[in-house]
Every structure is written in C-alpha cells, then in structure tokens.
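Each chain is listed here by its residues.
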Amino acid sequence: MSSSVHYPTASLKPRREESLLNGHLWIFSGALQQPPHWIEPGGLVDVKSATGDFVARGYYNPNTDIAIRILTRDIEESIDEEFMRRRIRSAVALRQVFDPDKTNTYRLVNAEGDGLPGLIVDRFAEILVVQIHTAGMERMHSLVIDALVEETGTRGILMRNDSQSRRREGLEVEGPEVAFGGVPTQVAVRENGVLFLVDPWQGQKTGFFLDQRDKREALRKYAGHADRILNCFSYTGGFSVYAALSNPNAHITSVDTSAPAIEAAREQFMLNGIEPNAHQFLIADVFDYLEQAQRDGELFDVVVLDPPAFAKTKDARSQALKAYRRLNTLGMEVLRPGGILLTCSCSGFIGMDDLLGAVSQAAQRLQRPVQLLETYTHGVDHPIHLAMPETSYLKAIFCRVG
Ligand code: SAH
C-alpha cells in the first residue's frame, strides 16, 4: 500500500462528515461545499471536511444525487489492483459458509454490503454474472474482472449491464457480453441440494433470484403438511420445486406472466425427478388469477406471494402500499382457515413494518386472525452494511391465517 497517490479533492459543507464517520458510504450532492473540478463521471476523489481533514476516498459522479460513493476511509489505501483483490477476497471468504456440495450458487459481491458500491456479482457454479450500476465501478471494470478471475478460478464471466438505472449514471444500457472465458446458455446449479438450470444470458436480472434461498428452505416444513400449494410470481419455480420435493403428495400451482419462466419451471421439476404433469403451470397475471380462483372457491393450504418491486421510487410508495394490501387480501381469500401465507416485498422503499401493515389490514378487511410465525430479510450472501439500512430491500413474512 502506498500513501503517495493523491486524488482530486471534494470538500464537504461544515459537519457533513458525521454520517461518513459512522460508516455510511454515500455523499449526496447537497453535502458538497465544493465539487471537484475537471473530473470525469466516476473519477476518484478524496473527500475532505470543511476544515480540510481527510475523511474518505471514493468515486464521484456530477450527474447523480449520490455524488460520491465511498471506497475506503483509510488514507493509506490507494484504489488499485490490490484494493480490488482484497475486497473480492473478503467477499469470497464470507461465502465459505456454504457447503459447495449443497449450495454452489450465491451472490458473491453485494455492492455496498461488500464494500464495492455499484457492483453485483452472482455465482452460478463455475460461472459469474456481473452487473455494474455506476460510472465509478465501470471505470474499474478491468480491475473487477482480473480480481474475480484471480480469486475465484471462474470459467466464464458474463456482463449483464442491462439495468435501466445505468442511464442516470450516464452509462449505456447494454446487451449481455462475455468478459472472460466461455458462458453457456444453461448452467446447472445446486441450492440447498436442490437442482436448478439457470440461463445467465436471458434470465431475469442475473438469471436466478438468489435472495430467496433461505425462505425457500424455510418453506419446506410448511409444505410437508400441505395438499395444495400456490406459488404466485413463481418465475422459474424456485419455491415450487422445494415444495414438491418436501411433499411428493402435494399439488403445486405456479403462476407467472413470463412464458419462458413458466417453461423453465417445468424443466426444473424434471431435473429434480418430479413429474411436471402432476402439477399446474399457468402463464397469467397473478391479480387476475387470484380473483378468478376466489370466484371459483379454490382453497390452498400454502400461498406464496413474491411479487416484483411495486415501489421503484419513493413517490410510488403510497400506490405500492395499496397494491400490497390488495395482493395480500386476494392471497388470504384463497387460503383455507389455518393455511400458511408467505408474503414478500423486494421494494427498497417499503419497510418490514409497511409489509406487516399491509398483511394486518388485509386480515382486518377479511376479519381473519393472523399469527406471525417468522420474518426474514436477505440471506448471508446479501450482507447489508450496518450503517446503511437503506440498501436493504427484501422483507419476507410467514404467517398462519385463521
Ligand atoms: N419467486 C421467484 C422470483 C419472483 S420475481 C423465485 O423464487 O425465483 C417476480 C416474478 O413476477 C417475475 O418472474 C415476473 O415475471 C413475475 N411477474 C411480474 N408481474 C406479474 C404479474 N402481474 N403476474 C404474474 N407474474 C408477474
């Protein structure tokens, strides 16, 4: 490490360094007294307090509300190959909690949670899928790829830089592109011993929703005693396969608007030795489906609701709360008395209390008692920086509805 490197300076307004000293990794543009001059979006800067003391080092973007994302608070730490390798090595070390014979797919780098703002890396067996969300991380693209190759021994790295949020950063929204080695269109992975085929090229996000691993595992014990299970927003059938494996006698209905996802769900059943024709796979809008099911008097023993984010912005919050209320009401209406509801929200702007509120309002509307059984957030491979609760997004609640 060398302290000889100097970066352009960004000066803070008086007393604006407090949250940074508490470990927060963002500086909003309003906190800057003097933005750095002559620096391209994503360029490295040293953040100094109003009194001129070094506070942190990070990357700057003049085009975004979050003007600076912090990479280090150590003045001695320069941002180079070694820095990137240390961060990736630390991320890899955390994931040693997984027994590779059971689980060889997980989030390998969770952005701020792993000290690398703007970077997501998901591991699917020997393949890595990378998403870069910020101009600062884009500038470190080759450091990222080199460190991943060195530290993981991966066979192939695919860039999935297709997130619309890149536009805000002044970045292109791109198609999938191989950055290292070779990447097949289907990768077989194990999650808690359950097999899945993942399509890193065409699948949603990076191909598979790794953030539900622990909730899928938790579902097993409820599915074991259920005859009819409904998995709403099933995608490629993650919850459905776990349920079918834990109870060969259960009948499982999987509903999603995406035809390729539903087709893939059937394949996951076969891959795990389950006859898909004994179950139901529906390409449908969940709200329409639930309304119809309720009219038909259908009842399930377990209902899973794992919708996409309803609130993508803060302004969309009140609309989203209504949608969660409506969805949970519909979900409860097709749940037999004593049935289990697993309900989730992956909206960053909706908190656990909001989701609990939506469930309890649905229960009041239907005059049904609800017992709260378990609450979850992310798995261990999605670490959340303790000083940055706003980077946590997933909430999941298991309850029994009387
Ligand atoms: N539970 C899944 C992940 C769900 S992601 C898993 O464990 O892998 C959200 C899913 O909702 C996506 O597959 C998307 O295609 C689907 N979707 C979005 N809006 C929908 C709607 N109105 N009705 C049905 N499916 C919808």
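Here, every reference points to the structure presented above.
Okay, so let's go over this structure. (Residues numbered from 1 in each chain as written. Predicted model: local features only at pLDDT ≥ 70, side-chain atom pairs only at ≥ 80, totals over all residues. Heavy atoms only, no water.)

Across three bridges, the pairing between strand 1 (residues 9-12) and strand 4 (residues 43-48) is parallel. Pairing of Ser-11 across the sheet is with Lys-48, part of strand 4. Where strand 4 lies against strand 5 (residues 54-60), six bridges are found, and the strand directions are antiparallel. Residue pairing in the sheet places Gly-43 in a bridge with Tyr-60 of strand 5. In sequence, strand 4 turns back onto strand 5 through a hairpin of five residues, with Gly-52 there showing a positive phi of about 90°. (Pairing = 2+ DSSP bridges. Helix = DSSP H or I, 4+ residues; strand = E, 2+ residues; numbered from the N terminus.)

So, on to the pattern of salt bridges. Following the criterion strictly, the structure yields 23 salt bridges and no others. Between Arg-166 and Glu-138 there is a salt bridge, and its shortest N-O distance comes to 3.0 Å. In this pair, Arg-166 sits in the loop between strand 10 (156-159) and strand 11 (177-181) while Glu-138 sits in helix 3 (residues 135-139), placing the two residues 28 residues apart along the sequence. Arg-166 sits in the buried class, given a relative accessible area of 1%. Two residues, Arg-220 and Glu-217, come together in a salt bridge whose shortest N-O distance is 3.2 Å. With Arg-220 and Glu-217 both in helix 5 (residues 213-223), this residue pair falls three residues apart, about one helical turn. (Salt bridge = Lys/Arg side-chain N within 4 Å of Asp/Glu carboxyl O. Buried < 20%, exposed > 50% of the residue type's maximum accessible area, 1.4 Å probe, protein only.)

An order of 2-6-5-4-1-3 is seen for the six strands of this open sheet, with the pairing classed as mixed. This sheet does not close on itself; its edge strands, each paired only once, are strand 2 (26-28) and strand 3 (32-34). This sheet shows a mean twist of 40° between the axes of neighbouring strands, independent of strand direction. Relative to strand 6 (residues 66-72), strand 2 is paired through three bridges, and the arrangement is antiparallel. (Axes fitted to C-alpha atoms, helices over the stretch in contact; angles between N-to-C directions.)

In space, the seven strands of this open sheet follow the order 16-15-14-17-18-20-19, with mixed pairing throughout. Each end of this open sheet is capped by a strand with a single partner; those strands are strand 16 (280-283) and strand 19 (370-376). Adjacent strand axes in the sheet meet at a mean angle of 15°, parallel and antiparallel pairs treated alike. Note: strand 17 (residues 300-305) against strand 18 (residues 335-345), five bridges, orientation parallel.

Turning our eyes to something else, we now look at helix 6 (residues 238-246). Counting buried residues along helix 6, seven of its nine residues qualify, which places the element largely inside the surrounding structure. Among all positions in helix 6, only Gly-238, Phe-239, Ser-240, Val-241, Tyr-242, Ala-243 and Ala-244 are buried.

Tracing the backbone through its elements, the reader meets Arg-213 in helix 5. Setting aside chain neighbours within four positions, we find Arg-213 in contact with Phe-98, Thr-103, Thr-105, Tyr-106, Arg-107, Glu-191, Asn-192, Tyr-242 and Asp-381. (Contact = heavy atoms within 4.5 Å.)

Turning to the site of the ligand, a few remarks are in order. By nearness alone, 15 residues border the ligand, and Arg-216, Asp-256, Asp-285, Val-286 and Asp-306 come closest of all. At a separation of 3.2 Å, a nitrogen atom of the ligand approaches a polar backbone atom of Phe-233. Residue Asp-285 places a side-chain N or O atom 2.9 Å away from a nitrogen atom belonging to the ligand. Isolated, the ligand exposes 590 Å² of accessible area, and the fraction of that covered by the protein chains is 89%. (Near = heavy atom within 4 Å. Polar contact = N/O pair within 3.5 Å; in protein donor to acceptor, adjacent residues only side chain to side chain. Areas by Shrake-Rupley, 256 points an atom, 1.4 Å probe, with all protein chains shown as cover.)

Now for the environment of Glu-374. Relative to the helices and strands, Glu-374 resides in strand 19. Exposure remark for Glu-374: the relative accessible area of 19% places this residue in the buried category. With 228 residues separating them along the chain, Glu-374 and Asp-146 place their C-alpha atoms 41 Å apart. One polar contact links Glu-374 to Tyr-376, side chain to side chain, over a distance of 2.6 Å.

In this section: the layout of surface pockets. In this structure, the second largest pocket encloses a volume near 250 Å³. Lining the second largest pocket are 17 residues, with Asp-199, Thr-236, Pro-260, Ala-261 and Ala-264 positioned closest to its centre. Those elements that provide at least two residues to the lining of the second largest pocket are strand 13 (194-198) and helix 7 (259-271). Of the residues forming the lining of the second largest pocket, the biggest block, six residues, is contributed by helix 7. (1 Å grid on protein atoms, 1.4 Å probe; cavity = no way out; pocket = protein on both sides within 12 Å on 5 of 7 lines; lining within 4 Å. Points joined across faces, edges and corners; volume = space filled by probe spheres on them.)

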